[in-house]
Each structure stands twice: as structure tokens, then as C-alpha cells.
Amino acid sequence: MQYTLTEEQELLRETVRRLAKERVEPGARERDEKGKFDWEMVTLFRENDLFGLDFPAEYGGSDAGMLSLIIAVEELSKVDASAGLLIDLQELGTLPIMLAGNEEQKKKYLPKLASGEHLAAFALTETSGGSDVAGFRCQAKKDGDSYILNGSKIFISNGGVADVLTVYALTNPEKGGHKGAAVFIVEKGMPGFSVGKKEDKMGIRWSDTAELIFEDCRVPAENLLGAEGMGFHIMMKTLDFARPGIAGQALGIAAGAYEYALAYAKERVAFGQPVFNFQGVSFKLADMCIRIEAARHLLYKTCAVYQELPKDMSRLSPEQIRLSAMAKCFCSDVAMWVTTEAVQVLGGYGYTREFPVERMMRDAKITQIYEGTNEIQRLVIANTLK
Ligand code: COS
């Protein structure tokens, strides 16, 4: 379980940090205010080869591994959480293909996703909520050499902008979700597929979040991933591999807020001296520093055990499943706590849009909710302790 950063990873961190400071941070406030998906960011990340960091080289990726992706997500999220999320979502939406796709499916879809020419989305959540996956109702009926999809999905990140979507649906409702579901690759423009309501959110405001509607949507049978009945396991395994990405986003938000609050506390003078000199402030910063460092080590250790994509759908070890859930849960709780304290350090200024910490606090909240609420993460962790 080696997680010392290589020279390449240190260089990647430096490069992405510079890109984030020079090209991402300047427009972050405006993008947040507009709440509109930003294609310029897509172009920037395409030009800098950030979408395919953790994609296999044989399909056009950089094969740099999960830790490298996390480093990039972290650096971007320090200045703009929606920017970090953008490259993370490419991994989430594509993982079902990487994990369960056959050679033809991988050859057809992965290269354009690795380059960022196409964007991906992971379509699981339904109106009943995101937690009870086995209770979802979207259906797919076999019809000759196609499947006909009916139902809807909500809160789908990238839903309205993705070219390629991995969609969970029941093929055999009588068997229930655990044994009767499957995952399909759906392309934008397939007849019967449309995008519904777009969400106006508290945070990650320029990240696209949309409802997806399937009305007799015809999907070629060759777009079935793995086999009928494998859907639940494909999605669970995808989430095991994807949750470190959200942990990376959360860690970045926390680190960004901490760095801002630290610099502010050293500049801001009250009672004739920088407020950092008061223990009421410096102890807060010390606590932020402890928690961020602890979160980073948990996450990097997790990345070390997820470094390689598995060659088949065999089960992960309880330790792997536990680490991924712990990293997501801990990093997001740290992000919420640190950003709240950062607002406190800035006082009244922290509560205004003039300063980025209030945006960071709003952005942090979602990391405790999506890709499995932190209550579900604790359930997943507890299940591995039985
Ligand atoms: N990897 C592989 N298999 C898994 C698994 C995992 N991570 N988690 C569960 N399974 C297996 C179980 O071993 C069990 O297999 P058998 O039937 O062979 O025994 C089967 O799947 C059913 O497991 P379980 O009974 O625990 O399933 P539940 O329906 O109770 O649901 C939770 C389990 C709640 C953990 C699951 O539905 C979940 O993770 N929900 C949250 C999903 C989420 O993150 N949503 C966010 C929106 S998507 S961004």
C-alpha cells in the first residue's frame, strides 16, 4: 500500500495548481452566480488532457492511476468545486464501461471519453431517492435486438450535457433490483431519450444537474453492459471506485477554504495585531490543518488500494469497500466543518459573496449527500464490520 507521490505526480500537482490559479479561479465567482454549465472549462480541460488521467492507455487515456486523478480533482476543487467535479464525473460515468464493458464497447466509447471530446454521466438516482438502489423502477424490456427503456432519473450530474450515459434499469422486475437489473450505455440523441428539468442548486452551481426521461427509448442490445442481472453489482462496484473522487473534491474544498482563511488571519488586523495572534483564531486553523492532513492520508491510502482497475467483476475485499466509504465520509465531513470554520474566521466578510469561503461552504454540503449520503457510507462501513 504505497502512497508516496512519484515525481510525475508532484509535477502534475504543480501543473494543475498553476492552471487552477491562472485559468479557473478568476471566473469562479461569476460561474457560481450564473449557475450555467461552462463549456470553456470543458475546452480547457480537454486541452490539458485532464479528462483521461485514470483511463487505460490502450483506450487513449494517460494511465496515470486513481491517485493522479484525485490530485487533479483536489487542486481544481481548491478554487472551484464544480471544476474538480467535471473531471471526476468523466470517471464516474465511464466506470461501468471500464468495469463491465466488452472489448467492442470499450473501443467504441472510451477514447472519446478519455480525450473529453465526449462527456459522460452516471444515471442511477430516481425520484424515490438515491439510497435504495434495489427499489428503483426504471425498466428495460427486450425487443428483438434492442431494449426499450421507460422511466426517469433525477439529480443526474452532467445529465443535460453528456454524450454517453450509463443507465441502470430493471430487465426483470419480478426478480427485484439485486438480481433483475442491468446497466445500458445510452447515447445523447437516441430516440425516446430527453432531458427534463434542470436543478437550481445551493452549491456546485455551474455543474449541470438534470432529470432524464426515457419514453420507449430504443437502445441496441449491444449496449447492455455485462449481462442482465449484473446491474446492481456493476453500480455498487462503480460507486466503490468513484467515491474517492468525491472525497478528493471535498478535500480540495477544505484545503482551499483553509488556505484562504490562514492567509486572511495573518493579514487582518484587530486590537492592533493580526487576528492570527489570537488563539481563538489560530487554534481553529490548527484544527483545520489536523483534519485536512488526516483526510488526505486516508484518501491517498484508499487510492493506493484502488490503483488498478480490476480485470473482471469479481468482488472487492471488505477492506477496499470500507476504505472507499470511509474516505468519502470523512473527507466530506471535514470539508463541511472546515468551510464553516473558515467563514467564522473571516467573520462578517466571510458571509458575503465578496469572499470565496461562503461559496466553498455551500459547495461542501453536497459532498455529504451525493454518491451515497454519509449515513449510507456509515451503513456500508458497518456492513464490512459484521
Ligand atoms: N460491492 C459488491 N457487492 C455488493 C456491494 C458492493 N459494494 N454492496 C452490496 N453488495 C451485494 C451484497 O453482498 C448482496 O449480495 P448477495 O445478494 O449475493 O448476498 C447484494 O449486493 C445486496 O446487498 P444488500 O442487501 O446490502 O443491498 P441493499 O439493497 O440493502 O443496499 C446499500 C445496500 C444501501 C449499501 C446500497 O443500495 C447503496 O450503496 N446505496 C447508495 C447508493 C448511492 O450511492 N446512491 C447515490 C446516488 S448515485 S451518485
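Rules used throughout
- Residues numbered from 1 in each chain as written.
- Predicted model: local features only at pLDDT ≥ 70, side-chain atom pairs only at ≥ 80, totals over all residues.
- Heavy atoms only, no water.
- Domains from an automatic or database assignment.
- Contact = heavy atoms within 4.5 Å.
- Buried area = accessible area lost by both parts, 1.4 Å probe.
- Salt bridge = Lys/Arg side-chain N within 4 Å of Asp/Glu carboxyl O.
- Polar contact = N/O pair within 3.5 Å; in protein donor to acceptor, adjacent residues only side chain to side chain.
- Nonpolar A, V, L, I, M, F, W, Y, C, P; charged D, E, K, R; others polar.
- Near = heavy atom within 4 Å.
- Areas by Shrake-Rupley, 256 points an atom, 1.4 Å probe, with all protein chains shown as cover.
- Helix = DSSP H or I, 4+ residues; strand = E, 2+ residues; numbered from the N terminus.
- Buried < 20%, exposed > 50% of the residue type's maximum accessible area, 1.4 Å probe, protein only.
- Axes fitted to C-alpha atoms, helices over the stretch in contact; angles between N-to-C directions.
- Left-handed = near helix turned anticlockwise from the far one by under 90°.
- Patch = residues over 30% accessible without salt bridge, like charges linked within 9 Å, V, L, I, M, F, W, Y side chains within 5 Å.
- Lys, Arg positive; Asp, Glu negative; His and termini not counted.
- Charge placed at Lys NZ, Arg CZ, Asp CG, Glu CD.
- Core = buried A, V, L, I, M, F, W, Y, C linked by side-chain atoms within 4.5 Å.
- Expected span 1.5 Å × (residues − 1).
- Phe/Tyr/Trp six-rings, centres within 6.5 Å; stacked < 30°, edge-to-face > 60°.
- Lys NZ or Arg CZ within 6 Å of the ring centre and 35° of its normal.
- Pairing = 2+ DSSP bridges.

K.L.:
Tell me what's going on with the domain arrangement of the protein chain, and back it up with residues and numbers.
P.N.:
Looking at the protein chain, the domain boundaries give domain 1 (7-115), domain 2 (120-225) and domain 3 (232-384). Averaged C-alpha coordinates put domain 2 and domain 3 at centres separated by 29 Å. Domain 2 puts 17 residues into the contact, and the matching count from domain 3 is 15 residues. For the pair domain 2 and domain 3, the summed buried surface comes to about 1200 Å²; carbon and sulfur atoms form 77% of the total. Looking at the side of domain 2 facing domain 3, the largest losses of area belong to Phe-122, Met-202 and Ile-204, adding up to 40% of the total buried there. The interface formed by domain 2 and domain 3 holds zero salt bridges in total. On inspection of domain 2 and its partner domain 3, the count reaches two residue pairs in polar contact (both at pLDDT 80 or more). Each residue belonging to the side of domain 2 that touches domain 3 can be placed in one class, and the counts come to eleven nonpolar, five polar and one charged.

K.L.:
Lay out the site of the ligand in plain terms, naming residues and giving numbers.
P.N.:
Close to the ligand lie 22 residues, the nearest being Gly-130, Ser-131, His-178, Arg-243 and Arg-315. Within the side chain of Arg-243, one N or O atom sits 2.8 Å away from an oxygen atom of the ligand. Between Gly-372 and the ligand, the recorded distance is 3.1 Å, taken from a backbone N or O atom to an oxygen atom. For the ligand, the protein covers 71% of the area, taking 1000 Å² as the surface of the free molecule. Mapped onto the shell around the ligand, the elements with two or more residues apiece are α7 (176-180), α8 (231-267) and α12 (374-383). With six residues, α8 is the largest single contributor of residues to the shell around the ligand.

K.L.:
Can you tell me about the pattern of salt bridges, naming the residues and giving the values?
P.N.:
This structure, assessed with the given rule, holds 25 salt bridges. A salt bridge links Arg-296 to Glu-74; its shortest N-O distance comes to 2.9 Å. Of the two residues, Arg-296 sits in helix α9 (residues 279-305) while Glu-74 sits in helix α4 (residues 66-79), which places them 222 residues apart along the sequence. Both residues of the pair, Arg-296 and Glu-74, count as buried. Residues joined in a network through salt bridges with shared partners are Arg-13, Glu-14, Arg-17, Glu-74, Glu-75, Lys-78, Glu-259, Glu-293 and Arg-296.

K.L.:
Tell me what's going on with the packing of α4 against α8, and back it up with residues and numbers.
P.N.:
Contact geometry of α4 with α8 gives a least axis separation of 7 Å together with a crossing angle of 35 degrees. Two packed elements cross with a definite hand, and for α4 against α8 that hand is right-handed. Here α4 contributes Met-66, Ile-70, Val-73, Glu-74, Ser-77 and Lys-78 to the contact with α8, which in turn contributes Phe-241, Pro-244, Gly-245, Gly-248, Gln-249, Leu-251, Gly-252, Ile-253, Ala-255, Gly-256 and Glu-259. Residue composition of the contact of α4 with α8, grouped by class: eight nonpolar, six polar and three charged.

K.L.:
Let's hear about a negative patch on the surface: which residues, and what values?
P.N.:
On the surface, Glu-58, Asp-63, Glu-103, Glu-104, Asp-145, Glu-222 and Glu-308 cluster together into a patch of negative charge. Residue position: Glu-222 is located in the loop between β7 (209-220) and β8 (224-225).

K.L.:
So, the packing of α4 against α9: which residues are in play, and what are the values?
P.N.:
The interhelical angle for the contact between α4 and α9, taken along N-to-C directions, is 145 degrees, at an axis separation of 8 Å. Considering how the two elements wind past one another, α4 and α9 form a crossing that is right-handed. Between α4 and α9, the residues in contact are Met-66, Leu-67, Ile-70, Ile-71 and Glu-74 and Arg-296, Leu-299, Tyr-300 and Cys-303, respectively. Of the residues assigned to the contact of α4 with α9, the class counts are seven nonpolar, no polar and two charged.

K.L.:
Go over the nonpolar core, please, and point to the residues and values.
P.N.:
Of all hydrophobic cores here, the largest spans 80 residues; its most connected members are Ile-97, Leu-124, Tyr-168, Met-288, Ile-292, Leu-299 and Val-338. Ranked by residue count, the leading element in this core is α8, at 18 residues. Setting aside anything within four residues of it in sequence, one finds Leu-124 in contact with Val-133, Phe-136, Lys-153, Ile-156, Tyr-168, Met-235 and Leu-239. In this structure, Val-24, Leu-44, Phe-51 and Ile-87 belong to the second largest nonpolar core, which totals 24 residues.

K.L.:
Lay out helix α10 (residues 318-346) with the relevant residues and their values.
P.N.:
Taking 1.5 Å as the rise per residue, α10 with 29 residues should run 42 Å; its terminal C-alpha atoms sit 42 Å apart, in good agreement. Positive backbone phi, approximately 60 degrees, marks Gly-347, located one or two places after α10.

K.L.:
Mind laying out the packing of aromatic side chains, listing which residues take part and the relevant values?
P.N.:
This structure, assessed with the given rule, holds eleven aromatic pairs. Between Tyr-147 and Phe-184, the aromatic rings sit 4.7 Å apart at their centres with planes inclined by 55 degrees, giving tilted as the arrangement. Note that Tyr-147 is positioned in strand β3 (residues 146-157) and Phe-184 in strand β5 (residues 181-187), a separation of 37 residues in sequence. No difference in accessibility class separates Tyr-147 from Phe-184, as the two residues are buried. Between Tyr-264 and Phe-355, the aromatic rings sit 6.1 Å apart at their centres with planes inclined by 85 degrees, giving edge-to-face as the arrangement. Taken together, the residues span a long stretch of sequence, with Tyr-264 in helix α8 and Phe-355 in the loop between α10 and α11 (357-367) at a distance of 91 residues. In this arrangement the basic side chain of Arg-291 is found over the ring face of Trp-337, its NZ or CZ atom lying 3.7 Å from the centre.

K.L.:
Tell me about the pairing of β5, and name the residues and values.
P.N.:
With six of seven residues buried, β5 is to be regarded as a mostly interior element. Looking at chain direction, strand β4 (residues 164-170) and β5 are connected through seven bridges and run antiparallel. Bridging from a neighbouring strand, Ala-169 pairs with Ala-182 of β5. Strand direction decides the pairing type here: β5 and β8, joined by two bridges, are antiparallel. Directly across from Phe-184, in β8, lies its bridge partner Leu-224.

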